[in-house]
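# Observations on the three-dimensional arrangement
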Amino acid sequence: MTSNKESLTAADFERTIAREGDKIELKTGTGTKPLQEAIVAFSNTPGGGDIYIGVTDDRRIVGRALDQGTDDAIRQASLAVKNPGRLTIGEIRIG
């Protein structure tokens, strides 16, 4: 498990999240069950996928700081998943 920070323009981020699918999952918050379901799905997908927290299903950015509580919730959700694969937690600054 590692952490990174990234910065994207609003347009680049909108292109990144343009479509949920095999490699992209959007989550508003850090609910354990929804995160676990996404982690399990990506652990069964070659190459895994990206979960973006702080984005609604209709692609509205509501934001979510990568503070200690958010980091802990993500790690707790992943611990309950059998063989989740590699987990990278990062923060993306938009704009």
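Scroll up to find the structure.
Described below are features of the structure shown in this document. (Residues numbered from 1 in each chain as written. Predicted model: local features only at pLDDT ≥ 70, side-chain atom pairs only at ≥ 80, totals over all residues. Heavy atoms only, no water.)

### Re the pairing of strand S2 (residues 24-27)
Operational definition: When DSSP finds two or more bridges between two strands, those strands count as paired. A run of H or I in DSSP counts as a helix once it spans at least four residues, and a run of E counts as a strand once it spans at least two, with each numbered from the N terminus. A crossover gets the label right-handed when its path from the first strand over the helix to the second runs clockwise, viewed with the strands pointing away from the viewer.
When S2 meets strand S3 (residues 50-53), the two strands line up parallel, connected through 4 bridges. Looking across to S3, one finds that isoleucine 24 is bridged to aspartate 50. Between the parallel pair S2 and S3, the chain is carried across by helix H2 (residues 32-43), and the sense of this crossover is right-handed.

### A short note on the environment of threonine 16
The following threshold applies: Note on definitions: a residue-residue contact is assigned when non-hydrogen atoms from the two residues lie within 4.5 Å. N or O atoms closer than or at 3.5 Å make up a polar contact, with two conditions inside protein: a donor-capable atom paired with an acceptor-capable one, and, for residues adjacent in sequence, both atoms drawn from side chains.
Following the sequence through the fold, threonine 16 ends up in helix H1 (residues 10-16). For threonine 16, the contacting residues outside a window of four places in its chain are Leu8, Ile24 and Tyr52. Only 2.9 Å separates the side chain of threonine 16 from the backbone oxygen of aspartate 12, close enough to count as a polar contact.

### Some details on the packing of H2 against helix H3 (residues 68-79)
Selection criterion: Lines are fitted to the C-alpha atoms to define the axes, a helix being fitted only along its stretch in contact, and any angle between axes, read from their N-to-C directions, falls within 0 to 180 degrees. Here the angle decides the label: under 35 degrees means roughly parallel, over 145 means roughly antiparallel, 65 to 115 means roughly perpendicular, and every other value means oblique. Handedness of a crossing follows from how the near helix is turned relative to the far one, being left-handed for an anticlockwise turn of less than a right angle and right-handed for a clockwise one.
Running from N to C, H2 and H3 point in directions that differ by 60 degrees, and their axes come no closer than 9 Å. By the angle class used here, H2 and H3 are oblique. Crossing of H2 against H3: the hand is right-handed. In this structure, H2 uses Thr32, Leu35, Gln36 and Ile39 to contact H3, whose residues at the interface are Ala73, Ile74, Ala77 and Ser78.

By themselves, these figures tell us nothing about what the structure is for.
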